Amino acid sequence: MTADPREHPMWLPPHALQFLRGRPVVIRGADPLLETIRSEAADAGAVDRGERVDAGTPASTLLIVPAADAEEVWPRPLPVAGLRAEGFVIAQDGDRTIIAYADGRGALYGWFQMIRDHAGGERRSTPARFEPQQALRVLDHWDNISAHPVMGQVERGYAGGSIFYADGSVRRDLGRVARYARLLASIGVNAVTINNVNVGRREAQLLTDDLGTVELLAGIFRPWGIRVHLSVNFASPLDLGDLDTSDPLDERVAQWWSAATAQAFARIPDLGGYLVKADSEGQPGPHAYGRDHADGANMLARALEPHGGVVRWRAFVYNHRQDWRDRSTDRARAAYDTFMPLDGRFDDNVLLQVKYGPIDFQTREPLSPVIAAMKHTRIALELQVTQEYTGQQRHAVYLAPQWSEILGGRPFGDGGPPVSELVRGGIAAVSNVGDDAYWTGHPLAQSNLYAYGRLAWDATLDARAVLSEWMALTFGDDEAVNDGIHSILDDSWATYESYTAPLGVGFMVTPGSHYGPSVDGYEYSPWGTYHFADRNGIGVDRTVATGTGYTGQYPQEWAAMFESLESVPDELLLFFHHVPYTHRLHNGATVIQHIYDTHFRGAEQAAELPARWDALRDHIDEDVWMRGAERFAEQARSAGEWRDQINTYFWRASGIPDEHGRTLY
Ligand code: GCV
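Numbering of residues starts from 1 in every chain and runs along the sequence as written. In keeping with the model being predicted, local features are shown solely for residues with a pLDDT of at least 70 and side-chain atom pairs are shown and tallied solely at 80 or more, while totals for entire chains, interfaces and linings include all residues. Neither water nor hydrogens contribute to the side-chain values; these are computed over all heavy atoms in the structure.

Chemist: In this structure, what is going on with the overall build of the protein? I would like to understand it.
Modeler: Helix and strand counts for the protein come out as 21 helices and 20 strands. Here the globule rule reads 2.2 Å times residues to the power 0.38, and the radius of gyration is calculated from C-alpha atoms. Relative to the globule expectation of 26 Å for 665 residues, the C-alpha radius of gyration of the protein, 26 Å, shows essentially globular dimensions. Any pair of residues with heavy atoms lying within 4.5 Å of one another is described as a contacting pair. Look at the contacts in the protein between residues 6 or more apart in sequence, and 71% of them connect residues 24 or more apart. With the model as given, the accessible surface of the protein reaches about 24600 Å², and the carbon-plus-sulfur share is 49%. In this charge count, Lys and Arg are treated as positive and Asp and Glu as negative; neither His nor the chain ends contribute. A charged residue contributes its charge at one atom only: NZ of Lys, CZ of Arg, CG of Asp or CD of Glu. For the protein, the separation between the mean place of its 60 positive charges and that of its 89 negative charges on side chains is 2 Å. Helix and strand definitions follow DSSP, with helices as H or I runs of at least four residues and strands as E runs of at least two, each counted in order from the N terminus. In short, Shrake-Rupley with a 1.4 Å probe defines the accessible areas, and a residue's cover is counted only from the protein chains shown.

Right under this line is the structure:
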């Protein structure tokens, strides 16, 4: 399937389907997605046996049938009763395999599960039933059509230009998009947003003047069960239409959106809906007219409702023009303060899309309190696959352990539901893909894209097992690669955390680019203030007792845990408390010594990575290996930079030397 000579495959290269060569296959049903499976099967060299199953059907046949037919074609009962949308059951009996599906997507997902099973040596003598936990599993592309003067073409993109657009319009060759769509289907992603949430004029025109582009892209994603979503600009009726307002309560504005939406659905009947960043970081929104977010979101929701579309309205709203001298403003509080009063006012087809933490995709943040608080609102969780604050695909950081922790968190205490159940509006994430030869800059960053889809489908999957799956589907069955990459990636999130900002304090990055250390980079900026370090101590007092009161936004179990120094987890200490450098963590070390120890150790671990990668040289495609080698060298260098800047800063601030006498500058 690889057409572009510069492009290296991700997972599922042709040899991963080799085992299907000559295999008889029966595919039953009329759903258009079955055509996709038929052509996959043909490409793999399988032998199409039509739809009949009888005594002449070979023993080794692969059966792909609607769940209702399972009883007729399979000798034993299968657990198909009440199979939910997109679900499937797989079973094996000798050499025969069955995929009994609920609908076309279920069949497609079953097909890829069967390939995954084969790569991982999994046999299904006991039938296994699969259903997604979340109905919406979406990747948001922050792609601009024309490059933005500061942000480039893909905002926070670390893998080259957009795979959709070049030279100010949609690409002529969309072969890579088709290959991407297949990969996304293989991990269960069922929606893609094709333009940046910061919607420039040209990108806003996708809805008004350039539906052809949307139609073209939707046509490529459709055979893979993926619906296209559009980011829209709230001011479009004013900027692109002929109205003098975009007030959501003005009837003319509502009509403008209804008409634009009807026009879009006439051409793209399965359009998924709109994604909106409003009154956030300079994007327009309802506040300009004295209206609130529910007014804005519901107006769009009503335009979409007759067509079955949803509006994803982002909760990433805060004051980015704050005065650092004003100690009463706490960016962490903003989403809850803004949206909690609106709980219960959103229409059913509004999904409030909430970043996992209250700040902004940091390496370590507590869960956003909005997720547990807004009981009458459908929340969609937003993750970031692109590594804006986690090494920008120059550092190898496997993010699945972070996502597992987020999805498994229980804000109402150990007996309460996990986040994966509190979230009822789906899971979204910012994509990490671009037109880079290796798709994701760092070749190992492909594992994050893979893991995102898998965890969005089933949040209880084990992050390490998912990594093994990805490797089996990418590199085949090679123990050295499997062990070597596990040794690089398993603890990579913890390693990255240890040499960057300490103990949950966050944001010690270079302003603008967000790459590399800058302890005070944002400390005196209008975007928020993050560490309050002085000669005595460090951290943000977010307690109810003496601080900003942020801990009070959580359900009582977590509010109490975060409020008290006795129970706050070490890794979030400085997010919630301002403490002296001599404060002792639960692990026994003082804060200052912990900073020194983790930074020396983290940089040492990063320095070992090039050698671990070196050991895999003969096992991995030469070009891929070379790209990785470049990245590991940079990671080792950058980790040393972080170590020296952070340690030296806090040595100078505190005057407390390292107990082990290591070099500080
Ligand atoms: C798309 C962060 C990023 C911005 C991004 C924003 C968002 O602030 O730095 O580039 O804008 O998040 O999520 O809207």
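So much for the structure itself; the text now carries on.
Chemist: Please explain the sheet that holds strand S15 (residues 310–314) as it appears in this structure.
Modeler: Pairing between the strands of a sheet comes from backbone hydrogen bonds, and it takes one of two forms, parallel or antiparallel. Pairing between two strands is assigned when DSSP locates at least 2 bridges connecting them. The strand order around the closed barrel formed by 8 strands is S7-S12-S13-S14-S15-S16-S17-S18, and the pairing between neighbours is parallel. Geometrically, the sheet is characterised by an average inter-axis angle of 25° between neighbouring strands, direction not taken into account. Bridge count between strand S7 (residues 137–140) and strand S12 (residues 191–193): 3 bridges; the pairing is parallel. Across the sheet, residue aspartate 140 finds its bridge partner in S12, namely threonine 193. Note on definitions: angles span 0 to 180 degrees between N-to-C directions of axes, and those axes are lines fitted to C-alpha atoms, for helices only across the stretch in contact. Packed onto the sheet, helix H12 (residues 400–408) meets strand S17 (378–384) and strand S18 (427–430) and runs at close to 160° relative to S17.

Chemist: Any chance you could explain the environment of proline 443 here in plain terms?
Modeler: Looking at the element boundaries, proline 443 is found in the loop between S18 and helix H14 (446–457). As a C-alpha pair, proline 443 and aspartate 247 span 196 residues in sequence and 46 Å in three-dimensional space. Other than its neighbours up to four places away in sequence, proline 443 contacts Trp470, Val624, Arg627 and Gly628.

Chemist: For this particular structure, what's the right way to read the UniProt feature "domain: Glycosyl hydrolase family 67 catalytic" (unreviewed entry) in the protein?
Modeler: UniProt positions are given in the numbering used here, feature names are shortened, and annotations may be inferred rather than shown by experiment. Mapped onto this numbering, the UniProt entry gives "domain: Glycosyl hydrolase family 67 catalytic" (unreviewed entry) at residues 129–439. What you have in residues 129–439 is 28% helix and 17% strand, and the ends, taken at the C-alpha atoms, are 32 Å apart.

Chemist: Before we go on, may I ask you to explain the pairing of strand S3 (residues 62–66) in this structure?
Modeler: The two faces of a sheet get side chains in turn, since along a regular strand they alternate between them. The classification of residues rests on relative accessible area computed with a 1.4 Å probe and restricted to protein chains. Under 20% of the type maximum is buried, over 50% is exposed, and intermediate values are partly exposed. S3 sits mainly inside the fold: 4 of its 5 residues count as buried. By the bridge criterion, 3 bridges tie strand S1 (residues 24–27) to S3 in an arrangement that is parallel. Across the sheet, isoleucine 27 pairs through a bridge with isoleucine 64, a residue of S3. Looking at chain direction, S3 and strand S5 (residues 96–101) are connected through 5 bridges and run parallel. Of the residues in S5, the one forming a bridge with proline 66 is tyrosine 101.

Chemist: Any chance you could explain the site of the ligand here in plain terms?
Modeler: Being near a molecule or strand, for a residue, comes down to having at least one heavy atom within 4 Å of it. Neighbouring the ligand are 15 residues, the closest being Glu155, Lys277, Arg314, Lys355 and Glu388. As used in this structure description, the phrase polar contact means that two N or O atoms lie within 3.5 Å; if the pair is within protein, one of them must be able to donate a hydrogen and the other to accept it, and residues adjacent in sequence are counted only when both atoms belong to side chains. Between an oxygen atom of the ligand and a side-chain N or O atom of asparagine 198, the distance comes to 3.2 Å. A distance of 3.0 Å separates an oxygen atom of the ligand from a polar side-chain atom of glutamate 281. Protein chains shield 96% of the accessible area of the ligand, which is 340 Å² for the free molecule.

Chemist: Help me out: how do you make sense of the packing of aromatic side chains in this one?
Modeler: Any aromatic ring pair is given by two values, namely how distant the centres are and how the planes are angled relative to each other. Any pair of Phe, Tyr and Trp rings, taking the six-membered ring for Trp, is counted once the centres come within 6.5 Å. Such a pair is stacked with planes under 30 degrees apart, edge-to-face with planes over 60 apart, and tilted for the rest. Within the structure shown, the criterion is met by 32 aromatic pairs. Note on phenylalanine 575 and phenylalanine 576: the rings are 5.2 Å apart at their centroids and 70° apart in plane angle, and the pair reads as edge-to-face. On the basis of relative accessibility, which here comes to 0%, the residue phenylalanine 576 falls in the buried class. With a centroid separation of 5.2 Å and an interplanar angle of 45°, the aromatic rings of tryptophan 613 and phenylalanine 632 are classed as tilted. One end of the pair, tryptophan 613, is in helix H20 (residues 591–614); the other, phenylalanine 632, is in helix H21 (residues 622–654), with 19 residues separating them in the sequence. Both residues of the pair, tryptophan 613 and phenylalanine 632, count as buried. Counting every residue linked through ring pairs, the aromatic cluster contains Tyr550, Tyr554, Trp558, Phe562, Phe575 and Phe576. One Lys or Arg, arginine 176, reaches over the ring of tryptophan 439 and ends 4.5 Å from the middle of that ring. Charge-over-ring contacts are defined here by two conditions on Lys NZ or Arg CZ: a distance within 6 Å of the ring centre and an angle within 35 degrees of the ring normal. The ring of tyrosine 318 is capped by arginine 331, whose NZ or CZ atom sits 3.7 Å from the centre of that ring.

Chemist: Whenever I open this one, the sheet that holds strand S6 (residues 128–130) confuses me. Can you help?
Modeler: Taken together, 6 strands build an open sheet; the order of strands is S2-S1-S3-S5-S4-S6 and the sheet is mixed. Two strands lie at the open edges of the sheet, namely strand S2 (47–48) and S6, each paired on one side alone. This element, helix H1 (residues 33–43), spans S1, S2, S3 and S5 of the sheet and lies at about 170° to S1.

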